[in-house]
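Listed here are the chains, written in short residue letters.
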Amino acid sequence: MSNGRHLAPRPGFVLDVDRNSPPIVFHHGEGFRLEKLPPGRSRVIYPAEPLEGLADPDGAIRHALDNPLGESEPLRALLFSGMKLTIAFDDISLPLPPMRRPDIRQRVIEAVLDLAAEAGVDDVHLIAALAIHRRMTPDELRHAVGDRVYDAFAPDGRLYNHDAEDPDGMVVLGETPHGEDVQFSRRAAESDLVVYVNINLVAMDGGHKSTATGLSGYKGLRHHHNVHTMSNSRSFMDQENSALHASNWRMGKVLKDAGVKIFQIETTVNNDTFGRTGPMALLQKREWEWSTRDRMQFLAMKAGLDLMPSAAKRKAFSSWQAPYALTSVQAGEIEAVHEVTTANVYKQQLVAVEGQTDILTMGLPYICPYNVNSIMNPILVMCLGLGYFFNLYRGRPLVREGGVLILSHPTPWEFHPVHHPSYIDFFEQVLADTTDPAEIERKYEKQFAEDEWYIHLYRNSYAYHGVHPFYMWYWGAHALDHVARVIVVGGNTPAVRRLGFQPASTLADALEMAGDVVGPQPTITHIKNPPLLMADVT
Amino acid sequence: MGALILRVAKTRALLGRTGFPWRSAAVPNGVEPPPPPARLRADYPTDWARRYPARVVRAALVETVMKPVMWVVASPTRRGTDRLNCIDGPVIFAANHHSHADTPLLLTSIPDPWRHRLVVGAAADYFFATRIGGAVAALAIGAIPIERTRVGRKSADLTRQLIGDGWSLLIFPEGGRSPDGWGQPFRGGAAYLAIRCGVPVVPVHIDGTGRILRKGRLLPRPSRTTITFGDPLLPTEGEHARRFAARLEAAVASLADETATDWWNARQRAHAGTSPGLTGPDIGAWRRIWALDGGNRRDRRRGHNWPDL
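Quick look at the structure, then.

Parameters and conventions
- For every chain, the first residue of the written sequence is number 1, and numbering continues from 1 onward in sequence order.
- Chain A is the first chain written and ligand 1 is the first ligand written, with later ones labelled in order.
- With the structure being a predicted model, the display of local features is reserved for residues of pLDDT at least 70 and the display and counting of side-chain atom pairs for 80 or more, all residues being used for whole-chain, interface and lining totals.
- Hydrogens are left out, water is left out, and the side-chain values use all remaining heavy atoms of the structure.
- Any pair of Phe, Tyr and Trp rings, taking the six-membered ring for Trp, is counted once the centres come within 6.5 Å. Such a pair is stacked with planes under 30 degrees apart, edge-to-face with planes over 60 apart, and tilted for the rest.
- Numbered from the N terminus, helices here are DSSP runs of H or I no shorter than four residues, and strands are runs of E no shorter than two.
- To sort residues, take the accessible area from a 1.4 Å probe on protein chains only and compare it with the maximum for the residue type: under 20% means buried, over 50% means exposed, and anything in between is partly exposed.
- Our definition puts a charge over a ring when NZ of Lys or CZ of Arg is within 6 Å of the ring centre and also within 35 degrees of the ring normal.
- Angles shown run from 0 to 180 degrees and are taken between the N-to-C directions of axes, each axis being a line fitted to C-alpha atoms and, for helices, limited to the stretch in contact.
- Crossing handedness follows the turn of the near helix against the far one: under a right angle anticlockwise gives a left-handed crossing, and clockwise gives a right-handed one.
- Any two residues having at least one pair of non-hydrogen atoms within 4.5 Å are treated as being in contact.
- Charged means Asp, Glu, Lys or Arg here, nonpolar means Ala, Val, Leu, Ile, Met, Phe, Trp, Tyr, Cys or Pro, and polar covers whatever is left, Gly included.
- Side-chain atoms alone can form a polar contact between residues adjacent in sequence; in general such a contact is a pair of N or O atoms within 3.5 Å, and within protein one must be able to donate a hydrogen while the other accepts it.
- Two parts placed together each lose some accessible area; with a 1.4 Å probe, that loss summed over both constitutes the buried area.
- Any carboxyl oxygen of Asp or Glu within 4 Å of a side-chain nitrogen of Lys or Arg constitutes a salt bridge here.
- Paired strands are those between which DSSP finds at least two bridges.
- In this description, a nonpolar core means a group of buried Ala, Val, Leu, Ile, Met, Phe, Trp, Tyr and Cys residues linked to one another through side-chain atoms lying within 4.5 Å.

### Section: the packing of aromatic side chains
Part 1 of the reasoning: All chains considered together, the criterion is met by 26 aromatic pairs over all chains.
Part 2 of the reasoning: A ring pair is formed by Phe93(B) and Trp114(B), whose centres lie 6.4 Å apart and whose planes are at 80°; its orientation type is edge-to-face. On the criterion of sequence distance, the pair formed by Phe93(B) in strand β2 (residues 92-95) and Trp114(B) in the loop between α3 (102-107) and β3 (118-123) is long-range, its members being 21 residues apart. Like Phe93(B), the residue Trp114(B) is buried in the burial classification.
Part 3 of the reasoning: An aromatic cluster is present here, built from Phe236(A), Tyr370(A), Tyr388(A), Tyr423(A), Tyr464(A) and Trp475(A) joined pairwise through their rings.
Part 4 of the reasoning: Seen from the ring of Tyr346(A), Arg394(A) lies directly overhead, with NZ or CZ sitting 4.8 Å from the centre.

Below you can see the structure in the form of C-alpha cells.
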C-alpha cells in the first residue's frame, strides 16, 4: 500500500491547490516535469490507491467459469467432444503498460483449455482479436498466453493473429437496423463456441465491443469508428452515453441472431501501474508523502533521463511491466458480465469532481494503446490527450465548452517505420492539408483504407492498418469540438503546429496563452493520470 | 598407463583378500545388528544447520558453487515457475528422483522466497549414516533425515515442526534414485505431511538428470535438463494420504508428458487418464530400458555420428 500505513486503499480525491501545495509531477513522455500550479484557483485530481487483488486468482477464474452470469450455462456444460472451439483474446493494446507474468490472459486461457481438455475438445484455435491493430510478435503472444499455451498451439498454427483483410477468413453476418454491416472472423463465426478473454483496463473496453470490434474488419468498423459516432459519444468511456457502444451493441445482437455463441470472460485489474516498491513507485505516491529516498530517487531519475538519448529512454520505459493484480473476474452472457465488470472498473477508477474548469491540464505518459514497444508519434499524442484522457469522464467533460486543454508531452516528430507506416503519410500529407476530422474523413479515409501497400504491411508485417491513423484522429473529434484551444507544453514546435495546436515552452506560458481564450484568473484542473482515474463530474 | 591400471587392480585385489581388520566386518546372518550409534541416522541433530551462519554458508554455496556447476553440467531449462505465484507461505516440493544431481539442480531452480528457507528430506540411512556425511549434507543442502526403511515418528514430527516454523520442504516421494531410469511408485510421506500440515504440494518433474549422473555412476556427464513446476495441489476434504500420493504421482506424470510433448496434449491425456506413467511398462528389464531410451538412443553414441541416409 502506497500510503505506507497498511490501511485500506484510499479513494481518489480532489486537492485544492494553495500556497503550501508542493509542485505536482506531470508525466511528460519518457520524462517528467515538476509544475507549480497557481494557488487559489487550481485543483488536482488524484487517483485512488490500488485496490487489493484477489487472494486466489486461479480459484476465482475457475469459480467464474462454473458460475456464469446471465443466461449462460457453465463453461464445462458448453464444451463437448468433436466441437469447434475458438478462444479470442485482447491484443497488445491491453493492459497498459504490459503486465508482469503471468498475464491474466494466460491464467484464464489455461483454465478454459483445462476444461476443454477434460471435455475432449480437439479442434481449438486461439486468436488475438486485434481488429486492424498491428499483429502481435511471437514474443508478445508468448507473453500474453504464456509459454505452455504458446508452445502447444503456435507451432502448428492454431494460435495466431486475427487478419481482418483475409478475403477467405472474414464473413459478413448481416446488417443492423441502422444499416451497419457486421463483419466477423469466419473461424469464429463457424465455431460451436467462441470464448472471449478480456482485460478491462478502462470502462470503454469489453462487452460486445470485444467481439464486434476485435474480430471485425474495416467493413464493420467504419460504421462506428467515424467522426459522427465519436462526436456523439459523451463520452466513449461512458457506455450509457456512447454512440460507439450503441453501435457495437447493435452488432452484438446481429451476431447472436446469426447463431454465434459467445461465452464472455471479463477481468478487471487494480491501478497498480508503477508498483508499491521499486524505481517507479513514487509516481503512485502523493507528492507530500514522498520520503527523502523518494525525492532523491526522483532527482536522480530525472537527471538521468535528461541526459539519456530518446531511444535509450524509450527502451528503458518500454521494459517496465506493471504489477497489476486481478480485482475481479466474471464470465457468461456478454451484457450481464459487462455490467458487473464496468461496476468493478468504476470502483477502482471513479473520482467525484464538482463542476467544470476553464483550463484542463494533463501530463501525457510514454505509452498509449498503440505504441507498445514502439514510438509515441504526434498523432498518438493527440489521440491519448484528446481521445483517451479527455474522455475519461462521466457526466460532463472536466473542462467547460470553449475552455482550453493543455497537454505536456515532447511530441517528437518521430514515427516507427514498421508499426506506423500510414501514420507517416497521414501526418505529412493529410494533416498538412487539414486538421478537421470531418473533412479528413470525407477526403482521405477511403484512399488510405483500401491502399494495397498498407494492407500488405498490415497482413504480413507488423503495421497498423492504413486507416488506423484516421481513427486516432476521430478519437479526438469530441474534444476538438468542445475546447477552443489546445496547447502543448514542451513539444516539438513544428510537430505541434502540424497537429493544429499551439506550442508553449513552459506551463506558465501556456496558462498565459490560455488566458487569451478563457479570460483572466481562470480555474485550472489537473488530472493526474496514470495511474488511471475517471472523473465523475457533477 | 596399462601398468598403472594393473597395479590398481592388484592393490584392490589384495585389499579385497585382506578384508577384516582392514575393512569392517559385515554383520553375520541371523545376528541382531548392534544399535546404531546415537546421534546418527534419524537422530542426527540438524538444527545448527538452520541457524543464520550455516544458512549464509549454504546460500553462498548454492549461489556461487552449485549454480555455475549446474549451469555447466545440466544446462537447466526451468518451466512453470509462474504457477507458484499464487502461493504464500511454506510448501512441499515433491519431485521425481533420478540422480544425485537432482538436489543441487532443484536448490538452484526453486525460486525465491522458498529457495533460501528450504530443507531437503534426505534418506537417514544413506546421508546420515556417519557424522561427517550428515554434517556435509545438513550444511550444503539443508538436509534433514527422513526414515525410509522403517516407520518412525521422529522424521514426521521434525518435518511438521519445520513447516510450522515457515520452512518449505523438498522431498523425493519415490524414496530413492531410480534404479533403471524409470520412476518408482510414490510413497505417502509427502502426501501425509501435506495433509497433517495443511500446506500445498508443488509437483516437480525433472528430466535429464539420469543422463548426467544415474545411480551407479561416479562421474557426471553433461546433458540438458528440464525442470517443470506444476500447479500446487491441496488435499481435498477427507482425502487420505495414499490417494493424495497417487494424485501427486499423476501430476508429476502429467508434467513429464508436458515436457515430452506440450501442455495441451498433456492436459488432454491427463483428463482422459491416459498420461504415460512414470514407472514405465510392466515388461522385461531389457525392454524397459529399450522403451526408456526411445528416440534418444542415438544420443548415447559418442564419437561417430552417422548421417541419416
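There is more to say, and it comes next.
### Here we look at the packing of helix α7 (residues 189-197) of chain B against helix α9 (residues 241-260) of chain B
Residue and element names in this part refer to chain B.
Part 1 of the reasoning: Interhelical geometry of α7 versus α9 gives an angle of 115° and a closest axis separation of 8 Å. The interaxial crossing formed by α7 with α9 has right-handed handedness. Counting all contacts with α7, which are made through Ala-190, Ala-191, Tyr-192, Ala-194 and Ile-195, the residues of α9 involved are Ala-241, Phe-244, Ala-245 and Leu-248.
Part 2 of the reasoning: Residues belonging to the contact of α7 with α9 are distributed by class as follows: nine nonpolar, no polar and no charged.

### Some thoughts on the side chain of Asn391(A)
All names here are of chain A.
Part 1 of the reasoning: Looking at where Asn-391 falls in the secondary structure, it is placed in the loop between α13 (378-389) and β15 (393-394).
Part 2 of the reasoning: A residue is classified by how much of its surface remains accessible, and Asn-391, at 0% relative accessible area, is buried.
Part 3 of the reasoning: Looking at Asn-391, its side chain comes within polar contact range of the main-chain oxygen of Gly-387, at 2.6 Å.
Part 4 of the reasoning: Contacts of Asn-391, omitting those with residues within four sequence positions, involve Ser-233, Ser-235, Phe-236, Met-237, Leu-386, Trp-475 and His-478.

### Here's the deal with the interface of chain B and chain A
Part 1 of the reasoning: Listed per partner, the contact involves twelve residues of chain B and 20 residues of chain A.
Part 2 of the reasoning: In this assembly, chain B packs against chain A so that about 1,400 Å² is buried in total across both faces, 56% of it on carbon and sulfur atoms.
Part 3 of the reasoning: When the area that chain B buries against chain A is broken down by residue, the three leading residues are Trp263(B), Trp264(B) and His271(B), summing to 50%.
Part 4 of the reasoning: In this structure, the connection of chain B to chain A is made through two salt bridges.
Part 5 of the reasoning: Taken together, the links from chain B to chain A amount to six residue pairs in polar contact (both at pLDDT 80 or more).

### Quick look at the sheet that holds strand β17 (residues 485-489) of chain A
All names here are of chain A.
Part 1 of the reasoning: Read from one edge to the other, the open sheet built from seven strands follows the order β1-β4-β19-β14-β16-β17-β18, with strand pairing classed as mixed. Each end of this open sheet is capped by a strand with a single partner; those strands are β1 (13-16) and β18 (502-504). Direction aside, neighbouring strands of the sheet carry axes that sit 25° apart on average.
Part 2 of the reasoning: Bridging between β1 and strand β4 (residues 42-46) involves four bridges; their strand directions are antiparallel. Residue pairing across strands places Asp-16 opposite Arg-43, the latter belonging to β4.
Part 3 of the reasoning: The strands that helix α20 (residues 507-518) touches are β14 (357-363), β16 (399-408), β17, β18 and β19 (524-527); relative to β16, the one it contacts most, it runs at about 160°.

### Quick word on the nonpolar core
Inside soluble globular proteins, nonpolar side chains tend to come together where they are buried.
Part 1 of the reasoning: Ranked by size, the top nonpolar core spans 144 residues in total, and within it Leu65(A), Ile87(A), Phe89(A), Val195(A), Ile265(A) and Phe470(A) carry the most contacts.
Part 2 of the reasoning: Setting aside anything within four residues of it in sequence, one finds Leu65(A) in contact with Pro74(A), Leu75(A), Ala111(A), Val112(A), Leu115(A), Phe263(A), Ile265(A) and Ala331(A).
Part 3 of the reasoning: Core analysis: the next-biggest nonpolar cluster, separate from the first, contains 35 residues, Phe93(B), Ala122(B), Ile141(B) and Phe172(B) among them.

Interpretation note: all reported values are geometric properties and have no functional meaning in isolation.
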